[in-house]
Amino acid sequence: MTLARNTVEMAAESSPQQPRVSMEEIAALAKRRGFMFGSSEIYGGIGGFFDYGPLGAILKRNVKNAWWRATVELRDDVVAFDSSIIMHPQTWVASGHVAAFHDKLVDCRNCKHRFRADHIPTPGKCPDCGMTGTLTEPRDFNLMLKTSVGPMEDSAAMAYLRPETAQGIFVNFKNIYQTARKRPPFGIAQIGKSFRNEITPGNFTYRMREFEQAELEYFVPDDGNDVACYEAWVAARKQWYADYGVRPERLRFYELLPHERPHYAKAGTDVEYLFPWGWGELESIAHRGTYDLDAHMQLSGKDLQFFDEASKSHYTPILIESSAGMDRTTLTMLVDAYENETIVDDAGKETRRVVLRFHPQIAPIQVGVFPLARNKPELVERARTIEGSLRRSFRTQYDEGNVGQLYRRQDEIGTPACIMVDYETLGDATVTVRDRDTMRQDRVATDQLVGYLGERLGER
Ligand code: GAP
């Protein structure tokens with residue numbers, strides 16, 4: 001959602017800092033180190049689709065795991081779910097997506113390029129060819145991607161790739177509460193792919209046509225506690241970003257004004273991060289009333305109310321939703337972790353290093369292990385043995401080569417701890433452990449490594 005902002009929550013927001021890094025630098029680092037690549041690049045790519053490389057795949061998985069851990073595993077009132085991407089087309093009629101999931105599209109008659117009307121910086125002027133008076137009137141463009149199901153490609157076979165995961169939860173509400181034996185207040189969570197045919201995908205992996213959402217749908221009884229419950233979820237999500245070290249001065253929770261939210265919603269908050277180009281939405285948290293269940297009951301004719309055994313009454317629970325983009329959160333972790341800093345060595349020589357200060361739970365690799373010299377088999381073997389012994393407890397990587405370059409590479413991929421196996425190791429079974437952020441080096445006995453690293457890195 002893009003909205004005019006008139007209130008801000010955190011003091012630092014009124015003076016946003018200069019970007020520490022450009023998106024071009026982030027994209028170059030992501031490609032160089034194997035975080036993200038444009039999809040099908042060998043054929044020239046396809047706009048709005050991205051692939052996650054070996055490190056990016058772990059980074060995104062860690063982000064999803066962190067969300068799942070806090071939202072599902074550490075609570076006893078949220079159950080897991082995983083619905084299909086393609087659903088009955090009527091789902092999207094009931095949800096309102098067929099009628100209203102539109103962006104305004106304008107064409108340039110001169111260069112033939114298409115734009116989202118609200119993405120045109122100078123009204124009436126084409127952002128690509130610069131001509132004025134060549135843009136068409138805005139018209140509605142539905143963002144749902146279509147496909148066909150089965151061997152016929154006629155209109156009866158037409159289906160949509162889901163534009164959000166939430167509807168899979170709503171249509172299954174009864175199946176889930178009955179089988180999980182839950183009663184409101186309780187939540188249903190899922191992480192999965194969603195698809196939107198964005199008119200102008202861009203800003204690297206920020207606006208894509210295929211992306212992943214982590215959605216929590218929390219159902220509460222209509223007993224007057226719904227707004228307090230919504231506020232508790234906003235607080236829980238604030239805590240989550242803080243727990244994973246996202247800089248508070250680059251994060252804001254914008255409370256939607258009554259005219260900015262749907263008529264049935266009592267409250268809404270957009271979580272936004274200060275990207276190099278400005279504020280961008282990561283998540284929306286919304287009080288949705290009974291709108292979604294009501295809409296599906298009306299169109300399907302099926303009962304999705306909760307039956308309360310105790311009072312023998314039926315009611316439609318109120319819904320609190322938290323919907324976070326996992327690709328945007330992954331991008332946030334990358335941008336937020338980025339530092340390009342000057343370091344001074346023992347001889348007073350200044351050099352620059354790029355370091356990603358990931359939270360240890362988010363870092364793709366937690367411990368790098370290297371031999372001091374790769375042509376010394378006894379060092380190589382010892383380093384490999386140590387790396388293997390740590391693998392159960394941490395995400396590890398063995399590497400070898402020039403020492404300076406090894407550290408530089410691990411800093412650039414955000415590895416919090418690096419272990420150097422040297423000649424002393426062969427004699428006294430100790431290693432050097434270098435801390436990514438302080439670059440302090442400790443000598444640690446190899447049989448103490450799991451405890452030493454565990455204290456610094458937490459659980460795997
Ligand atoms: N069920 C509610 C819902 O889908 P939304 O605000 O449209 O709400 C939730 O989407 C989140 O999904 C957004 O805050 C964003 O992080 C992510 N998202 C939406 N469109 C996206 C896109 N084109 N590319 C990447 N992430 C997107």
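Above this note sits the structure.
Caption draft 1: Quick look at the pairing of strand β17 (residues 338–344). Here 7 bridges tie β17 to strand β18 (residues 350–356), and the two strands are oriented antiparallel to one another. The partner of Asn340 across the bridge, within β18, is Val354. Counting the residues that bridge the hairpin from β17 to β18 gives 5 residues, and of these Gly348 lies at a positive phi of roughly 85 degrees.

Caption draft 2: Structural detail: the sheet that holds strand β20 (residues 396–398). Judged by pairing direction, the sheet is mixed, and its 5 strands sit side by side in the order β20-β19-β21-β22-β23 without closing on themselves. Bordering the open sheet on either side are β20 and β23 (441–445), each of which pairs with just one other strand. Taking the axes of each pair of neighbouring strands and ignoring which way they run, one obtains an average angle of 25 degrees across the sheet. As paired elements, strand β21 (residues 417–421) and strand β22 (residues 430–435) share 4 bridges and run antiparallel to each other. Bridge pairing links Ala417 to Asp435 in β22.

Caption draft 3: Fine view of unusual backbone geometry. The omega torsion of the bond from Pro184 to Pro185 falls at 5 degrees, within 30 degrees of zero and hence cis. With respect to the helices and strands, Pro185 occurs in the loop between α6 (173–180) and β9 (186–195). Positive phi is not limited to glycine here, since Asn203 has a value of about 55 degrees. Mapped onto the elements of the fold, Asn203 is located in the loop between β9 and β10 (210–220).

Caption draft 4: View of the sheet that holds strand β4 (residues 102–107). Taking strand neighbours across the sheet as the criterion, the 3 strands line up as β5-β4-β6 in an open arrangement whose pairing is antiparallel. Each end of this open sheet is capped by a strand with a single partner; those strands are β5 (114–116) and β6 (139–142). Here the strands of the sheet are splayed against their neighbours by 50 degrees on average, with no regard to which way each runs. Relative to β6, β4 runs antiparallel, the two being bridged by 4 bridges. Bridge assignment links Lys104 to a residue of β6, and that residue is Asp140.

Caption draft 5: Examining a nonpolar patch on the surface more closely. Taken together, Ile85, Ile86 and Val149 make up a surface patch of nonpolar side chains, about 210 Å² in accessible area. When you line up the elements, Ile86 lands in the loop between β3 (78–80) and α3 (90–94).

Caption draft 6: Local environment of the packing of aromatic side chains. On inspection of all chains with the given rule, the structure shows 19 aromatic pairs. Ring geometry for Phe50 versus Phe204: centroids 5.3 Å apart, planes at 80 degrees, classification edge-to-face. Here Phe50 is found in strand β2 (residues 50–52), whereas its partner Phe204 is found in the loop between β9 and β10, with 154 residues between them in sequence. Taking the centre distance of 6.2 Å and the plane angle of 75 degrees together, the rings of Tyr241 and Phe253 count as edge-to-face. Note that Tyr241 is positioned in helix α7 (residues 226–243) and Phe253 in strand β11 (residues 251–255), a separation of 12 residues in sequence. For the pair Tyr241 and Phe253, a shared accessibility class is recorded, and that class is buried.

Caption draft 7: Just the site of the ligand, in detail. Residues in contact with the ligand amount to 18 residues; listed here are only the nearest, Glu164, Met208, Glu215, Glu281 and Leu282. Contact between the ligand and Ser284: an oxygen atom at 3.4 Å from a side-chain N or O atom of the residue. A total of 560 Å² of accessible area belongs to the ligand in isolation, and the protein chains cover 91% of it. Elements supplying a minimum of two residues to the shell around the ligand: β10, β13 (278–289) and β16 (318–325). Take the shell around the ligand: its biggest share by element is 4 residues, from β13. Of the residues belonging to the shell around the ligand, the class tally is 5 nonpolar, 4 polar and 9 charged.

About the thresholds
Residues numbered from 1 in each chain as written. Predicted model: local features only at pLDDT ≥ 70, side-chain atom pairs only at ≥ 80, totals over all residues. Heavy atoms only, no water. Pairing = 2+ DSSP bridges. Helix = DSSP H or I, 4+ residues; strand = E, 2+ residues; numbered from the N terminus. Axes fitted to C-alpha atoms, helices over the stretch in contact; angles between N-to-C directions. Patch = residues over 30% accessible without salt bridge, like charges linked within 9 Å, V, L, I, M, F, W, Y side chains within 5 Å. Areas by Shrake-Rupley, 256 points an atom, 1.4 Å probe, with all protein chains shown as cover. Salt bridge = Lys/Arg side-chain N within 4 Å of Asp/Glu carboxyl O. Phe/Tyr/Trp six-rings, centres within 6.5 Å; stacked < 30°, edge-to-face > 60°. Buried < 20%, exposed > 50% of the residue type's maximum accessible area, 1.4 Å probe, protein only. Near = heavy atom within 4 Å. Polar contact = N/O pair within 3.5 Å; in protein donor to acceptor, adjacent residues only side chain to side chain. Nonpolar A, V, L, I, M, F, W, Y, C, P; charged D, E, K, R; others polar.

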